[in-house]
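# Summary of structural features
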Amino acid sequence: MSDIYSKYETVIGLEVHAQLLTDSKLFCSDSAAFGGAPNTHISAISLAHPGTLPRMNRKAAEYAIKLGLACHCEIEKDNYFARKNYFYPDLPKGYQVSQHTAPICKGGYVPVVTDAGSRQIQLNRIHLEEDAGKLLHDQDPTNSYVDYNRAGVPLVEIVSEPDMHTSDEAYAYLTELRRLVRYLGVCDGNMEEGSMRCDANISVRIKGTTTLGTKVEVKNMNSIRNVKRAIDNEVKRQIDLLEAGGTLIQETRSFEAATGSSFSLRSKEEANDYRYFPEPDLAPFHLTDEFIAAIRATLPALPEELIQKYITVYGLPEYDARVICDDKGTADYFESLTAVTTQYKAAANWMLGPVKSWLNEHSADISRFPVTPAALAALIHLTDSGKISFSIASSRILPEMITATTEDPLAIATRLNLLQDTNADNISPIIDEVLAKYPDKVAAFRGGKKGLMSLFVGEVMKLSKGKADPRLTNELLAEKLKG
Ligand SMILES: Nc1ncnc2c1ncn2[C@@H]1O[C@H](COP(=O)(O)OP(=O)(O)OP(=O)(O)O)[C@@H](O)[C@H]1O
Ligand SMILES: [Mg+2]
Ligand SMILES: [Mg+2]
């Protein structure tokens, strides 16, 4: 980066909208499911026809609290909703029911890990609100259509403090947030389908100064990678403009994935005055300590806690622990696996090696892996006892277990005649054959090149088709090479 860019510090605050995985909408029993034929998940309440009354979805509040507790927020006990008034055709009511001054979760943080180290990104709040409908502009050359299925689907808006300073941090923050909502089961975290959406607020300031610069809000990124691209592009645009003597205006811009750049949607002067006021049709709701404690009791182990456990209690390398905890399914599988084997490192090797390869090959997630944790543990024990080698276990036995899921690994190894040979009378002639094949290497070994041992072992393995017991092979080889 040339000097002009390194003079500046980037400041980023993210607003993330996450659709909650409730069956019904936030204020009525219409289905909250994604998709469906247009305007089939609607009723007079979704559309706010006169005389209808909204009713609060308790599950949505539970989910918001779950996320808040996982993010170390303070939970607001006295909650009420507010109307955010604006006119747009995707909004059937002419207002959005949201929480304005009293968000259900306050403060808190999300842990992130980047190449620069570990940090806690501070949150401002998490509040509940309802989603708007969807405008469809691509169905007809002259008309736009509106689908209200999404109108009223519960959302949480997770608002960070302006606490991130690189696009890498923003990337790590979104990745962690997505992992958290998936661990908690409160949102599917799918940015491509729009069930998790992110607006990025970006400003720059001269390094060492503390006042915030003018912020620009960038919208319409449909992946975490595109949020990072949008930030990189916007930071450059702002610095270039300032360096050319220009002045930034507070505005909202739209990101274009095809070019990686953005265009202005509206400036602050055109910003809406939302005329917030308390929603008169919904009673304020009070949360008791018992209710919050009961939700806390349902929290699963969170990824960072599991990672720490795997490193400190199981002695795994951090890399292994992180890969295993990338998604909850894999972590759950590993939890079940380590409940039946204490061979933690071997278990991790199996997860990162053969299991992951199978999942990649089949573009599947772990829920489709046909071998149960108990069966995999049996295979690990069989390998550990020296009855079969890891290479035989992964290349021959595991595929059998995948297709014939009920046969136990020892039975498969016996049936296929793959049990490791621990009989010196069988291994000895193979060793003699190998040593006879490499007289020069034998001489070199005896002359001090001890590293050649692995070559001899490898050759014995090859000739025995992987069945020679490695410990015995090493012993016999050492004996014969003494000369
Ligand atoms: N100068 C700044 N530079 C970067 N980010 C900022 C700056 N000032 C505020 N932010 C961030 O902008 C975001 C503002 O979000 P918030 O939801 O509070 O307001 P909003 O965008 O006006 O509301 P909404 O879009 O929901 O109607 C926060 O994430 C905050 O941290
Ligand atoms: Mg906002
Ligand atoms: Mg905003």
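Every chain begins its residue count from 1, and numbering advances along the sequence as written. Chain A is the first chain written and ligand 1 is the first ligand written, with later ones labelled in order. Residues qualify for local features only when their pLDDT is at least 70, as the model is predicted, and side-chain atom pairs are given and counted only at 80 or more; totals for whole chains, interfaces and linings, by contrast, use all residues. Only heavy atoms go into the side-chain values, all of them from the structure, while hydrogens and water stay out.

### Notes on the overall build of the protein chain
In plain terms, the rule: Here a strand is any run of E in DSSP of at least two residues, a helix any run of H or I of at least four, and the numbering for each starts at the N terminus. Taken over C-alpha atoms, the radius of gyration is set against a globule rule of 2.2 Å times the number of residues to the power 0.38. Per-residue accessibility, obtained with a 1.4 Å probe over protein chains only, is compared with the maximum for each type, and a residue is labelled buried under 20%, exposed over 50%, and partly exposed between these values. Residues are treated as being in contact if the distance between any of their heavy atoms lies within 4.5 Å. Using a 1.4 Å probe, accessible areas were evaluated by the Shrake-Rupley method; residue-level cover was limited to the displayed protein chains.
A count of helical and extended segments in the protein chain gives 16 helices and 17 strands. On C-alpha atoms alone, the protein chain measures out to a radius of gyration of 30 Å, which is more than a quarter above the 23 Å that the 2.2 N^0.38 rule sets for 483 residues. C-alpha extents for the protein chain along the principal axes are approximately 95 × 55 × 50 Å. Among the 483 residues that make up the protein chain, the fraction classed as buried is 47%. Within the protein chain, contacts between residues at least 6 apart in sequence are counted, and of these 68% link residues at least 24 apart. By element, 52% of the accessible surface of the protein chain is carried by carbon and sulfur atoms, the whole surface being about 23,700 Å².

### Re the pattern of salt bridges
Spelled out, the test is: Salt bridges are counted wherever a side-chain nitrogen of Lys or Arg sits within 4 Å of a carboxyl oxygen of Asp or Glu.
Here the structure, examined in full by the defined rule, presents 36 salt bridges. With a shortest N-O distance of 3.0 Å, Glu169 and Arg119 are connected by a salt bridge. Taken together, the residues span a long stretch of sequence, with Glu169 in helix α3 (residues 167-184) and Arg119 in strand β8 (residues 117-130) at a distance of 50 residues. In this structure Arg119 comes out as partly exposed when scored by relative accessible area, which is 28%. The closest approach of N and O atoms between Arg197 and Asp131, which form a salt bridge, is 2.8 Å. Note that Arg197 is positioned in strand β12 (residues 196-206) and Asp131 in the loop between β8 and β9 (134-136), a separation of 66 residues in sequence.

### What about the domain arrangement of the protein chain?
Rules: Just so you know, the domain bounds were taken from an automatic or database domain assignment.
With domains assigned, the protein chain is organised as domain 1 (3-291) and domain 2 (424-481). The distance between the C-alpha centroids of domain 1 and domain 2 comes to 65 Å.

### Observations concerning the UniProt feature "domain: Asn/Gln amidotransferase" (unreviewed entry) in the protein chain
What counts here: UniProt positions are given in the numbering used here, feature names are shortened, and annotations may be inferred rather than shown by experiment.
When the UniProt feature table is mapped onto this chain numbering, "domain: Asn/Gln amidotransferase" (unreviewed entry) sits at residues 332-481. Along residues 332-481, the helical share is 70% and the strand share 0%, with 48 Å between the first and last C-alpha atoms.

### Digging into the coordination of the magnesium ion (ligand 3)
So the rule is basically this: Only nitrogen, oxygen and sulfur atoms qualify as donors, provided they sit within 2.8 Å of the metal or within 3.2 Å for Na, K and Ca; with water excluded from the atoms, sites may seem incomplete.
Binding of the magnesium ion (ligand 3) to the protein goes through Glu15 (OE), Glu15 (OE) and Glu217 (OE), at separations of 2.3 to 2.5 Å. The distance between the magnesium ion (ligand 3) and the magnesium ion (ligand 2) is 3.7 Å, with Glu15 acting as a donor to both metals. Taken together, the residues span a long stretch of sequence, with Glu15 in strand β1 (residues 8-19) and Glu217 in strand β13 (residues 216-221) at a distance of 202 residues. Residue classification places Glu15 among the buried positions, given a relative accessible area of 16%. Judged by relative accessible area, Glu217 falls into the buried class, the value being 15%.

### Topic: the packing of α3 against helix α4 (residues 224-243)
As a reminder of what qualifies: For every element, the axis is a line fit to its C-alpha atoms; helices are fit only across the contacting stretch, and the angle between N-to-C directions ranges from 0 to 180 degrees. Reported orientations rely on four angle classes, namely roughly parallel under 35 degrees, roughly antiparallel over 145, roughly perpendicular from 65 to 115, and oblique for the rest. By the definition used in this description, the sense in which the near helix is turned from the far one sets the handedness, with an anticlockwise turn below a right angle giving left-handed and a clockwise turn giving right-handed.
Relative orientation of the contacting elements α3 and α4 amounts to 155°, with a least axis distance of 9 Å. In terms of their interaxial angle, α3 and α4 are classed as roughly antiparallel. Where α3 crosses over α4, the two elements pack in a sense that is right-handed. When α3 is examined against α4, the residues Ser167, Asp168, Ala170, Tyr171, Leu174, Thr175 and Arg178 are found in contact with a partner set consisting of Ile224, Arg225, Val227, Lys228, Ile231 and Asp232.

### Brief notes about the packing of aromatic side chains
Rule in force here: Classification of ring pairs uses Phe, Tyr and Trp, with its six-membered ring standing for Trp, and accepts pairs whose centres are within 6.5 Å; under 30 degrees between planes counts as stacked, over 60 as edge-to-face, and the remaining range as tilted. Lysine NZ or arginine CZ positioned within 6 Å of the ring centre and within 35 degrees of the ring normal marks a charge as sitting over the ring.
With the rule as written, the count across this model stands at twelve aromatic pairs. Considering the side-chain rings of Tyr310 and Phe334, the 4.9 Å spacing of their centres and the 75° angle between planes classify their relative orientation as edge-to-face. Taken together, the residues span a long stretch of sequence, with Tyr310 in helix α6 (residues 303-312) and Phe334 in helix α8 (residues 328-340) at a distance of 24 residues. This pair shows no difference in class: Tyr310 is buried, exactly as Phe334 is. Between Trp358 and Phe369, the ring centres sit 5.5 Å apart and the planes meet at 70°, which makes this aromatic pair edge-to-face. With a gap of eleven residues between them, Trp358 in helix α9 (residues 344-361) and Phe369 in the loop between α9 and α10 (373-384) connect regions that are remote in the sequence. Here Trp358 matches Phe369 in class, with each residue buried. Feature note: the residues Tyr310, Tyr314, Phe334 and Tyr344 constitute an aromatic cluster, connected by ring pairs. Seen from the ring of Phe445, Lys450 lies directly overhead, with NZ or CZ sitting 4.4 Å from the centre.

### Some details on helix α2 (residues 58-70)
So the rule is basically this: Multiplying one less than the number of residues by 1.5 Å gives the expected span of a helix. Under the rule applied, a polar contact is a pair of N or O atoms within 3.5 Å (in protein, one hydrogen donor and one hydrogen acceptor; residues adjacent in sequence only if both atoms are side-chain atoms).
In this model α2 runs 19 Å from its N-terminal to its C-terminal C-alpha over 13 residues, within 8% of the 18 Å that 1.5 Å per residue would give. Among the 13 residues of α2, ten are classified as buried, and the element is accordingly described as predominantly covered. For α2, the full list of buried residues reads Ala60, Ala61, Tyr63, Ala64, Ile65, Lys66, Leu67, Gly68, Leu69 and Ala70. Measuring from the backbone nitrogen of Lys59 back to the side-chain oxygen at the start of α2 gives 2.9 Å, which picks out Asn57 as the cap. After α2 finishes, the residue His72 shows a positive phi value of roughly 65°.

### A word on the site of ligand 1
To keep things clear, this is the line we draw: A molecule or strand has a residue near it when one of that residue's heavy atoms lies within 4 Å. Charged means Asp, Glu, Lys or Arg here, nonpolar means Ala, Val, Leu, Ile, Met, Phe, Trp, Tyr, Cys or Pro, and polar covers whatever is left, Gly included.
Around ligand 1 sit 18 residues, and of these Lys84, Ser160, Pro162, Ser203 and Gly213 come closest. Glu157 has a polar side-chain atom sitting 3.2 Å from an oxygen atom of ligand 1. Within the side chain of Ser203, a nitrogen or oxygen atom sits 2.7 Å from a nitrogen atom of ligand 1. Alone, ligand 1 offers 650 Å² of accessible surface; in the complex the protein occludes 75% of this. Only β1, β11 (154-160) and β12 provide two or more residues apiece to the shell around ligand 1. At four residues, the largest contribution of residues to the shell around ligand 1 is made by β1. When its residues are assigned to classes, the shell around ligand 1 shows six nonpolar, five polar and seven charged.

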